[in-house]
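The primary structure of each chain is shown beneath.
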Amino acid sequence: MKHSEDLREILHRIDRRSYPAYKDTAGAYQFGSYVLSIDHVQGDPFAAPSKVSVHIDGAKAGFPSDMTGKKHTRIALADALIRRFGREAEQHSHKAKGSGKSGLLSVSRPGQEVLARSACEIEPDSGDLVVRLEVGFPANGRTINAGELEKILFRFLPECVQQSLFYKTADKKHLEAVKELAEDQYYIRQQLKERGLTAFVADGSVLPRESGVSDRPMKQAVKFCTPESMQVVMELPHAGTVKGMGIPRGVTLIVGGGYHGKSTLLKALERGVYNHIAGDGREYVITDDTAVKIRAEDGRSIRHTDISMFINGLPNGKDTRAFQTEDASGSTSQAANVIEAMEAGTKLFLIDEDTSATNFMIRDELMSRVVHKEMEPITPFIDRVEELFTSYGISTILVAGSCGSYFYKADHVIQMMQYVPSEITEAAKKEAARFADFAKDKPKLQESVPPDFARVFAADRKAALNDRMKIKGMGKDAVSIDRDTIELRYVEQLVDSEQTMALGYMVKYAKQRLFDGKKDLKAVVDMLVKIVEQKGIGAVCEGRYLPCNLAMPRVQEIYACLNRCRGLRIATIHGPGMRINCAFRENMIQE
Ligand code: ADP
Ligand code: MG
């Protein structure tokens, strides 16, 4: 192992030479209690900054094993460390001067959610710690200013590291609180399963956010207050007794007048698949972590998805058992979103009328009398919602401001009134029964055939040989791999642009290594998940260094991303009754 003084020597030697001489600094150097590794050196002062990582031996870092041993506390600890380290680094950013990105110290900036990130990883057994960041190597014009880099690497960085990455100098009380919160959140997640609940919202939670562009809690919000009939009491290991609303499995309806807080409650439930930091207001808003927000998504691409559960007999004769389009309608996109979420293993749908296709959600009585059933390709969601629960074990929480028909299907009805929920199941059911001559000659539903998930993709051969596939993130909205842009704007439970980047790397990896025209989508996703669970999120990046800006997405978002990838070719589809169609399609693809 080279020593920090070796690095100092290199810096002295290359000072005032032209920028590419900085490449000589690449390598690992022992800096007292940690190792500094210069993983990648930028090509010029205006290019993306250099990648640097700090490695600390578990024994030296000294974090107690009850913080590093379990996955949920480990992720919470890493999250806390990266936030602290980031605050330190920010104070030193651009204190070293020069052209372009000279002097930049850039560290991941986590939002309100606690996610596993490549910016800070902790080895479960040893407690070994890695922190990854970007440093703009200083220059004047394109001439190396090594003195400024020396300042960064020998003064600023050591200070940041000493202040934030060792237990002995850490704010122990804060870290203890972080660990305890993670354990309490984990406990609630376990309790959801044990008690047959899909979600829990604690009394006193703050659900609304500061603004449409800020995810911080609203300051003068009405705090959440549980209707007595839905109250659940949790004895948390650390925070003690917490009361709140437990939403049982089954079909739950959220109703209420406009602007009374329905969508805000649903949004909080969508985010409850993740843990939130202390002070967020949603610390104890915990949702079944397989939950998927289902919405209409006009224009998305659909790849051979069996949406026949909802859509049959399209006027253009398209086969809905292997539906394919580059430009879906509101209803077909929402149908595909449901089926794909089932494939991704969800046990809870979250749906807001505001973002749904009306004709996908309901068909009223008068309309079905006027337009005959045979002329209507859509079996609306309302006709499947019970079956989804009884046959597939998938619950639904649905915001319905205008459509009363769902009263007949709901196991629980929650009314939001000036941001305060009350349970009105009985009253709603009574009113519905009085109203019900409508139910008399309801059209007979056709039995639904389970959707077929056996889709087999093949990567483009061109892509498979191309080792330099470029990945470019566009915030949370999209990621492009080479020139294939995957739209993710409406995948609403992607909460961080670093998750989007990670998905980009996963798709690239899957395209190059996994899609072979034989494995179906599930097999591919299972392999991706196994790789990142075992080896960390960086395992799917095959470049020379591991990016410092990746956050772990859920399985559900991995599916969502692959399902929206236009650049994948369908190799074959198998499944009952599909071989003929399939052969036909393959011919068309090969043309
Ligand atoms: P709905 O879906 O019922 O029409 P929203 O959930 O969109 O209503 O909420 C309407 C507005 O009220 C939003 O601007 C939201 O931020 C605000 N709001 C929601 N819940 C609360 C609350 N608990 N306290 C204060 N304001 C809230
Ligand atoms: Mg709304």
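Structure first, text after, so check above.
Below you will find a few notes about this structure. Note that the structure is predicted; figures quoted are calculated from it, not measured.

## Thoughts on empty space enclosed by the protein
(1) Moving on: Counted by the stated rule, this structure contains 2 cavities of 30 Å³ or more.
(2) Moving on: Within this model, the largest cavity holds a volume of roughly 200 Å³.
(3) Moving on: Forming the walls of the largest cavity are 18 residues, and the residues nearest its centre are V292, K293, V491, A560 and R564.
(4) Moving on: Going through the elements one at a time, strand 19 (292-294), helix 8 (330-343) and helix 16 (555-563) are the ones with two or more residues in the lining of the largest cavity.
(5) Moving on: The dominant element in the lining of the largest cavity, judged by the number of residues it contributes, is helix 16, at 5 residues.

## Description of the sheet that holds strand 28 (residues 478-481)
(1) Moving on: Read from one edge to the other, the open sheet built from 3 strands follows the order 27-28-29, with strand pairing classed as antiparallel. Only two strands of the sheet have a single neighbouring strand rather than two, namely strand 27 (471-474) and strand 29 (484-487). Going across the sheet, the axis of each strand differs from the next one's by a mean of 20 degrees, ignoring polarity.
(2) Moving on: The pairing of strand 28 with strand 29 spans 4 bridges and is antiparallel. The residue bridging A478 from the neighbouring strand is E487, located in strand 29.

## Points about the packing of aromatic side chains
(1) Moving on: For the structure on display, the rule yields 10 aromatic pairs.
(2) Moving on: Ring geometry for F349 versus F381: centroids 6.3 Å apart, planes at 70 degrees, classification edge-to-face. Of the two residues, F349 sits in strand 22 (residues 348-352) while F381 sits in the loop between helix 10 (365-370) and helix 11 (385-392), which places them 32 residues apart along the sequence.
(3) Moving on: We classify F349 as buried; its relative accessible area is 0%.
(4) Moving on: Between F457 and F515 the ring centres are 5.6 Å apart and the planes differ by 65 degrees, which places this aromatic pair in the edge-to-face class. Placement of the pair is F457 in strand 26 (residues 455-458) and F515 in the loop between helix 14 (497-514) and strand 30 (516-520), with a sequence separation of 58 residues. With respect to burial, F457 and F515 carry one shared label: buried.
(5) Moving on: Here the aromatic cluster, defined as three or more aromatic residues joined through ring pairs, consists of F310, F349, F360 and F381.
(6) Moving on: Here the basic side chain of R8 rests over the ring of F154, its NZ or CZ set 4.2 Å away from the ring centre.
(7) Moving on: Above the face of the F323 ring, K318 is positioned so that its terminal group lies 5.2 Å from the ring centre.

## Overview of a negative patch on the surface
(1) Moving on: A grouping of D57, E123, D125 and D128 is seen on the molecular surface, where their side chains present a negatively charged patch.
(2) Moving on: If you trace the backbone, D128 turns up in the loop between strand 7 (120-122) and strand 8 (129-135).
(3) Moving on: Residue class for D128 comes out partly exposed when judged on its relative accessible area of 30%.

## A few points about the coordination of the magnesium ion (ligand 2)
(1) Moving on: Listed as protein donors to the magnesium ion (ligand 2) are S263 (OG) and D354 (OD); their distances from the metal cover 2.1 to 2.3 Å. Of this pair, S263 sits in helix 7 (residues 262-271) while D354 sits in the loop between strand 22 and helix 9 (358-361), placing them 91 residues apart in sequence.
(2) Moving on: By relative accessible area, S263 is classed as partly exposed at 27%.
(3) Moving on: D354 gets classed as exposed once you look at its relative accessible area, which sits at 61%.

## Notes on the site of ligand 1
(1) Moving on: Taken together, 13 residues form the shell around ligand 1, and within it V222, Y259, K262, S263 and T264 come nearest.
(2) Moving on: Residue V222 places a main-chain N or O atom 2.8 Å away from a nitrogen atom belonging to ligand 1.
(3) Moving on: Separating an oxygen atom of ligand 1 from a side-chain N or O atom of T264 is a distance of 2.5 Å.
(4) Moving on: Among the residues making up the shell around ligand 1, the classes are represented as 6 nonpolar, 6 polar and 1 charged.

Scoring rules and cut-offs
- Residues numbered from 1 in each chain as written.
- Chains lettered and ligands numbered in written order.
- Predicted model: local features only at pLDDT ≥ 70, side-chain atom pairs only at ≥ 80, totals over all residues.
- Heavy atoms only, no water.
- 1 Å grid on protein atoms, 1.4 Å probe; cavity = no way out; pocket = protein on both sides within 12 Å on 5 of 7 lines; lining within 4 Å.
- Points joined across faces, edges and corners; volume = space filled by probe spheres on them.
- Helix = DSSP H or I, 4+ residues; strand = E, 2+ residues; numbered from the N terminus.
- Pairing = 2+ DSSP bridges.
- Axes fitted to C-alpha atoms, helices over the stretch in contact; angles between N-to-C directions.
- Phe/Tyr/Trp six-rings, centres within 6.5 Å; stacked < 30°, edge-to-face > 60°.
- Buried < 20%, exposed > 50% of the residue type's maximum accessible area, 1.4 Å probe, protein only.
- Lys NZ or Arg CZ within 6 Å of the ring centre and 35° of its normal.
- Patch = residues over 30% accessible without salt bridge, like charges linked within 9 Å, V, L, I, M, F, W, Y side chains within 5 Å.
- Areas by Shrake-Rupley, 256 points an atom, 1.4 Å probe, with all protein chains shown as cover.
- Salt bridge = Lys/Arg side-chain N within 4 Å of Asp/Glu carboxyl O.
- Lys, Arg positive; Asp, Glu negative; His and termini not counted.
- Charge placed at Lys NZ, Arg CZ, Asp CG, Glu CD.
- Donors = N, O, S within 2.8 Å, 3.2 Å for Na, K, Ca; no water.
- Near = heavy atom within 4 Å.
- Polar contact = N/O pair within 3.5 Å; in protein donor to acceptor, adjacent residues only side chain to side chain.
- Nonpolar A, V, L, I, M, F, W, Y, C, P; charged D, E, K, R; others polar.

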